[in-house]
Amino acid sequence: MRLLNRVALITGGTSGIGEATALLFAEEGASVTVTGRNEERGQSVAERILADGRNSIFIPTDVSRLDECRRAVDGTIKAFGRLDILFNNAGVFYPHTALDCSEEEWDMQIDINLKGTFLMSKAALPYMIQQGNGVIINNSSGWGMDGGDSAVAYCASKGGVVLLTKAMAIDHGRQGIRVNCICPGDVDTPMLPEDARMRGQRWEDYLAGCKNRPMGRIGMPEEIAKAALFLASDDSSFMTGASLVVDGGGIAD
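What comes next is a walk through the structure.

About the thresholds
- Residues numbered from 1 in each chain as written.
- Predicted model: local features only at pLDDT ≥ 70, side-chain atom pairs only at ≥ 80, totals over all residues.
- Heavy atoms only, no water.
- Patch = residues over 30% accessible without salt bridge, like charges linked within 9 Å, V, L, I, M, F, W, Y side chains within 5 Å.
- Areas by Shrake-Rupley, 256 points an atom, 1.4 Å probe, with all protein chains shown as cover.
- Salt bridge = Lys/Arg side-chain N within 4 Å of Asp/Glu carboxyl O.
- Helix = DSSP H or I, 4+ residues; strand = E, 2+ residues; numbered from the N terminus.
- Buried < 20%, exposed > 50% of the residue type's maximum accessible area, 1.4 Å probe, protein only.
- Disulfide = S-S within 2.5 Å.
- Pairing = 2+ DSSP bridges.
- Axes fitted to C-alpha atoms, helices over the stretch in contact; angles between N-to-C directions.
- Right-handed = clockwise from strand over helix to strand, strands pointing away.

Examining a nonpolar patch on the surface
Residues Met145, Val245 and Ile251 make up a contiguous nonpolar surface patch of about 220 Å² in total accessible area. By secondary structure assignment, the location of isoleucine 251 is in the segment after β7 (243–246). The class of isoleucine 251 is partly exposed, set by a relative accessible area of 31%.

Regarding the state of the cysteines
Enumeration according to the criterion identifies 0 disulfides in this entry. Cysteine cysteine 155 remains unbridged, with the sulfur of cysteine 101 as its closest cysteine sulfur at 11 Å. Judged by relative accessible area, which is 15%, cysteine 155 ranks as buried. Between cysteine 183, a cysteine without a disulfide, and cysteine 181, which holds the nearest cysteine sulfur, the sulfur-to-sulfur distance is 4.1 Å. Note on cysteine 183: relative accessible area 0%, which makes it buried.

Some words on the sheet that holds strand β5 (residues 134–139)
If you trace the 7 strands from one edge of the open sheet to the other, you get β3-β2-β1-β4-β5-β6-β7, paired in parallel fashion. Of all the strands in the sheet, the pair left with one neighbour each is β3 (56–60) and β7. Going from strand to strand, the sheet's axes swing by 20° on average, the running direction of each strand aside. As defined by bridge partners, strand β2 (residues 31–36) adjoins β3 across 5 bridges and the pair is classed as parallel.

Concerning the pairing of strand β6 (residues 177–184)
With respect to burial, β6 is a largely interior element, 8 of its 8 residues being buried. Burial along β6 is two-sided: the residues Ile177, Val179, Cys181 and Cys183 and Arg178, Asn180, Ile182 and Pro184 are all buried. Pairing analysis gives 6 bridges linking β5 to β6, with the strands arranged parallel. Counterpart to isoleucine 137 in the pairing with β6 is asparagine 180. With respect to chirality, the unit in which β5 leads through helix α5 (residues 152–172) into the neighbouring parallel β6 is right-handed. The sheet contact formed by β6 and β7 spans 4 bridges and is parallel.

As for unusual backbone geometry
Phi is mostly negative for residues that are not glycine, and the peptide bonds are mostly trans. At asparagine 5, a residue that is not glycine, the phi angle is positive and equals roughly 70°. Along the polypeptide, asparagine 5 turns up in the segment before β1 (7–10). Assessed through its relative accessible area of 62%, asparagine 5 is described here as exposed. Despite not being glycine, serine 150 has its phi angle at roughly 50°, a positive value. Within the secondary structure layout, serine 150 lies in the loop between β5 and α5. By relative accessible area, serine 150 is classed as partly exposed at 28%.

By themselves, these figures tell us nothing about what the structure is for.
Take a look at the structure:
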């Protein structure tokens, strides 16, 4: 019960890493607001938490719009009275080089992955500062630190998240706010087979390529959720501005 009596807001909480984190945070005692754009899936995650006797609500949210970010934060405060943890997890990915990445795809990835992290943090910070404490966790990527092929907009957006994390940690540390980010590698979420499809690869061949990495496999959403739990809890009380790589050795290889 490392998050007992705390309140968490998780963006992109309708599937994958966000869903796994919402369920784990609730299991550890938190009341959880799930946000996302798929209302059916979001309600389903919230209902699973409620069925286990924990508190949860779903608020449909487009993180690229400040008014919707503020509505999600205000809705969380109204429902639970406070906001202790923000997990900026919402993200999108399209595999293209600078030559074939359209302006629309560039804008979408920057708007959701980077601007969305900024806007949701902007909406949450005043409440956390007023409380005198809070935790913000940003979901970046191994490719936000090391780069990757045919992912120019994604790498730019996730690299921005790493430095946005450091900047916010510096600005708000003395106000009791810790800001860290997670840098996952390939994880078994709906985004991964879609990446394979857009690259014209068979899923089996895509997975086979992952076996060449140190741990010889892709990660599971629950493994990233455990890293988020560590950063959300007092176990990481002396950490801020850090980038926690959880990638099975992908960057080390």
